[in-house]
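# Residue-level structure breakdown
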Amino acid sequence: MPSFDISSSADKVNLANAVDVVRRQIQNRYDFKGTSASIEFNEKDLIITLFGDNDFQVNQIKDILFPSLEKKEPDSTKRLMDKNLESISGNNVKLDIEVSDGIDQELGKKIIKLLKDSKLKVQASIQGDTVRVTGTKRDILQESIALVKANVSDYPLNFGNFRD
């Protein structure tokens, strides 16, 4: 039976490149000279950490980061979730931004419900952090891809592993 997988994976290389671009921009900007403004990327935990003298400066760094991420990987800012803004030594602040990777259970259930409610003759199941969709014909699977793309626009999805 034909099948395909719906997944969502963050490209760590593009994330690291975007963070490096932002780091260089911070070093070259006049308004960040002599401040604690910096950015770090933890590839293992997929966390981007922004440091600044105050919350305004951290928001400025975010304003530099988001377009840089979008340039490297479209819709990548949709997978970012801000943690709480923490006050660290002195007046400095730190913001952790978590990069979500994979499809969580809630989104997987939403996709499965969407496919079942559409009355398309496909079966969908959650397998780890992906959703596998199987059907009788390729045309039906292509219709289901179009349906999911049209209705789930708040999170970047990848459609792959298409098999006949």
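The name an unreviewed UniProt entry assigns to the protein is Nucleotide-binding protein VI33_00695, from the organism Methylophilales bacterium MBRS-H7. Regarding the protein, the UniProt comment filed under Function (unreviewed entry) reads as follows: "Nucleotide-binding protein." Among the UniProt annotations of the protein, the heading Sequence similarities (unreviewed entry) holds the following wording: "Belongs to the YajQ family."

### Regarding the sheet that holds strand β4 (residues 80-87)
Here four strands make up an open sheet; going across it, the order is β2-β3-β5-β4 and the pairing antiparallel. Because the sheet does not close on itself, it has two edges, and the strands there are β2 (38-42) and β4. Strand-to-strand twist of the sheet, defined as the mean angle between neighbouring strand axes without regard to direction, takes the value 20°. For β2 and strand β3 (residues 47-52), the ladder comprises five bridges, and the chain directions are antiparallel. Among the inter-strand pairings, F41 is bridged to a residue of β3, identified as I48.

Cut-offs used in this document
Residues numbered from 1 in each chain as written. Predicted model: local features only at pLDDT ≥ 70, side-chain atom pairs only at ≥ 80, totals over all residues. Heavy atoms only, no water. UniProt positions renumbered as here; feature names shortened; annotations may be inferred. Pairing = 2+ DSSP bridges. Helix = DSSP H or I, 4+ residues; strand = E, 2+ residues; numbered from the N terminus. Axes fitted to C-alpha atoms, helices over the stretch in contact; angles between N-to-C directions.

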